[in-house]
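Coordinate analysis (summary)
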Amino acid sequence: MKIALLGYGKMGKVIERIALERGHEIVLRKDEFTTYDGLSTADVAIDFSIPTAAVDNISNCFHANVPVVSGTTGWLEHYDEMVTLCNEKKGGFISSSNFSLGVNIFFELNEYLAKIMAQFDSYKVTMEEIHHTHKLDAPSGTAISLAKGVIENSNYANWTLDEAKDNEIHIEAKRIGEVPGTHTVTYDSAVDSIELKHTAHNREGFALGAVIAAEWLAGKTGIFSMKDVLNLK
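Attention here is on the structure that accompanies the text.

Here we come to the overall build of the protein chain. The secondary structure content of the protein chain amounts to 7 helices and 11 strands. Compactness check: the protein chain gives a C-alpha radius of gyration of 18 Å against a globular reference of 17 Å for 233 residues, within 12% of the reference. Sorting the 233 residues of the protein chain into buried and exposed places 47% on the buried side. Looking at the protein chain as shown, the accessible area adds up to about 11500 Å², and 51% of this sits on carbon and sulfur atoms. Across the protein chain, 21 positive and 32 negative side-chain charges occur, with their mean positions spaced 5 Å apart.

Before going further, it helps to examine the pairing of strand 5 (residues 92–95). By the alternation rule, side chains of strand 5 split into G92 and I94 and F93 and S95, which are all buried. Regarding the hand of the β-α-β motif, the stretch spanning strand 4 (residues 68–70), helix 3 (residues 79–89) and strand 5 is right-handed. Direction of pairing for strand 5 relative to strand 11 (residues 222–224): parallel, over a ladder of 3 bridges. Counted as the bridge partner of G92 is G222 from strand 11.

About the cut-offs
- Residues numbered from 1 in each chain as written.
- Predicted model: local features only at pLDDT ≥ 70, side-chain atom pairs only at ≥ 80, totals over all residues.
- Heavy atoms only, no water.
- Helix = DSSP H or I, 4+ residues; strand = E, 2+ residues; numbered from the N terminus.
- Rg over C-alpha atoms; globule rule 2.2 N^0.38 Å.
- Buried < 20%, exposed > 50% of the residue type's maximum accessible area, 1.4 Å probe, protein only.
- Areas by Shrake-Rupley, 256 points an atom, 1.4 Å probe, with all protein chains shown as cover.
- Lys, Arg positive; Asp, Glu negative; His and termini not counted.
- Charge placed at Lys NZ, Arg CZ, Asp CG, Glu CD.
- Right-handed = clockwise from strand over helix to strand, strands pointing away.
- Pairing = 2+ DSSP bridges.

Below is the structure:
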């Protein structure tokens, strides 16, 4: 399979290594200094760029008739536009805040726990996410996905980085050293606490999940998620 890499930073290089190990060919390594030459020859593209480049990267994929997997976060105010363009061009698209197998299982557990805890008003939910100091957006896309998972299955209405109101989820975003990613969901009451936690040890899990998603998406049209890729629906 021919893969275009859109974004060639640390994650892009890990994705490249894993893709090559799995027998794929890299036809484009796109960074801020290179063009999209070679994109149209790809079977699928993987976008792990930066928030300001993601929309252009994804748009160019749809115009080139190349399905795209995007793990870039911090640009989702344009997500609906990209979905509309994907449908217009009959493209293939997966956007996820996190492609790690473990994190996607964590998402499912988070939603299940939220449904249970919605019955108990004595517990207040908070979240903490820790990432490396190079991460540009805060809170992380994964933390936002976790908050949405709780909101959709409870009486909470919103998340905030500030002091939370009764119907808001407070997210504490920390940037420390080279931490790949740690996310904790805590339900706290006067008598006890329940914690759900995922700790990434390195970038390998994110990269492998992105390549697996790209393998799954190649040749397909439509809007999909990691639930589809991992058959979690």
